[in-house]
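An overview of the molecular structure
For reference, the chains in residue letters:
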Amino acid sequence: MSEHSFPKSEKLKSRTLIAQLFDTGKAEKSYPVILLWNESVLPINVPVQAAFTASKRNFKRAVDRNRIKRMMREIYRLNKAELFQHLKEGDRQMAVMLMYVGKDLPDFATIQPKIIELLSRLKQ
């Protein structure tokens, strides 16, 4: 499979893992994006499972929330390779959630450097 794909097995859907993220996960912030992460044993043998979210309070229209999540997924998909390599070397697994907390609709160029910065911070 291509390193730039985002298959179903890499999507974080487990309610227990998501609850664990909010309870014991660590947070990295780079406004307007927050990265919640937790090293844990994943049900599927992949280095990272990721989820994306945008607040309904800040974006009433589902179209806007979906657009933000689609943008974040795309940026993640294109920049996850280094993180995957790093985790495979250490034989570790991680659950990750990217949350957009800004008040206005972002454009690709604004949030791309923020997400790349968060992912590189996660590697350390």
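These notes cover the structure that comes with them. (Residues numbered from 1 in each chain as written. Predicted model: local features only at pLDDT ≥ 70, side-chain atom pairs only at ≥ 80, totals over all residues. Heavy atoms only, no water.)

Our focus in this paragraph is a positive patch on the surface. A cluster of basic residues, Lys8, Lys11, Lys13, Arg67, Arg70 and Arg73, forms a positive patch on the protein surface. Inspection of the secondary structure assignment puts Arg67 in helix H2 (residues 62-79). (Patch = residues over 30% accessible without salt bridge, like charges linked within 9 Å, V, L, I, M, F, W, Y side chains within 5 Å. Areas by Shrake-Rupley, 256 points an atom, 1.4 Å probe, with all protein chains shown as cover. Salt bridge = Lys/Arg side-chain N within 4 Å of Asp/Glu carboxyl O. Lys, Arg positive; Asp, Glu negative; His and termini not counted. Charge placed at Lys NZ, Arg CZ, Asp CG, Glu CD. Helix = DSSP H or I, 4+ residues; strand = E, 2+ residues; numbered from the N terminus.)

This part takes up the sheet that holds strand E3 (residues 48-54). Reading across the sheet, the four strands line up as E1-E2-E4-E3 and stay open at both edges, with mixed pairing between neighbours. Across the chains shown, the open sheet's two edge strands, defined by having one partner strand only, are strand E1 (26-30) and E3. Across this sheet, the average inter-strand angle for adjacent strands is 20 degrees, counted without regard to direction. (Pairing = 2+ DSSP bridges. Axes fitted to C-alpha atoms, helices over the stretch in contact; angles between N-to-C directions.)

Below, the discussion takes up helix H4 (residues 108-123). Counted at 1.5 Å a residue, the expected span for H4 with its 16 residues is 22 Å, and the 22 Å between its end C-alpha atoms agrees. Along H4, the positions that sit buried rather than exposed are Ile111, Ile115, Leu118, Leu119 and Leu122. Down the axis, H4 shows its buried residues gathered within 95 degrees of arc, on one side only. (Expected span 1.5 Å × (residues − 1). Buried < 20%, exposed > 50% of the residue type's maximum accessible area, 1.4 Å probe, protein only. Arc of directions from axis to C-beta.)

Another point: the pairing of strand E4 (residues 94-100). For E4, a buried count of seven out of seven residues is recorded, marking the element as mostly surrounded by other parts of the structure. Burial of E4 is two-sided: the residues Met94, Val96, Leu98 and Tyr100 facing one way and the residues Ala95, Met97 and Met99 facing the other way are all buried. Across seven bridges, strand E2 (residues 33-39) lies against E4 in antiparallel orientation. When the bridges of E4 are listed, Trp37 appears paired with Val96. In this structure, E3 lies alongside E4, joined through seven bridges in parallel fashion.

Let us now look at the nonpolar core. Side chains of a nonpolar character, in soluble globular proteins, are inclined to be buried together. Core analysis: the largest hydrophobic core is formed by 26 residues, its most contacted members being Val48, Met72, Tyr76, Leu98 and Tyr100. When near neighbours in sequence (up to four residues on either side) are disregarded, Tyr76 contacts Phe6, Val48, Ala50, Phe52, Phe84, Leu98 and Leu119. Among the nonpolar cores identified, the runner-up in size contains eleven residues, and Leu12, Ile34, Val46 and Met97 belong to it. (Core = buried A, V, L, I, M, F, W, Y, C linked by side-chain atoms within 4.5 Å. Contact = heavy atoms within 4.5 Å.)

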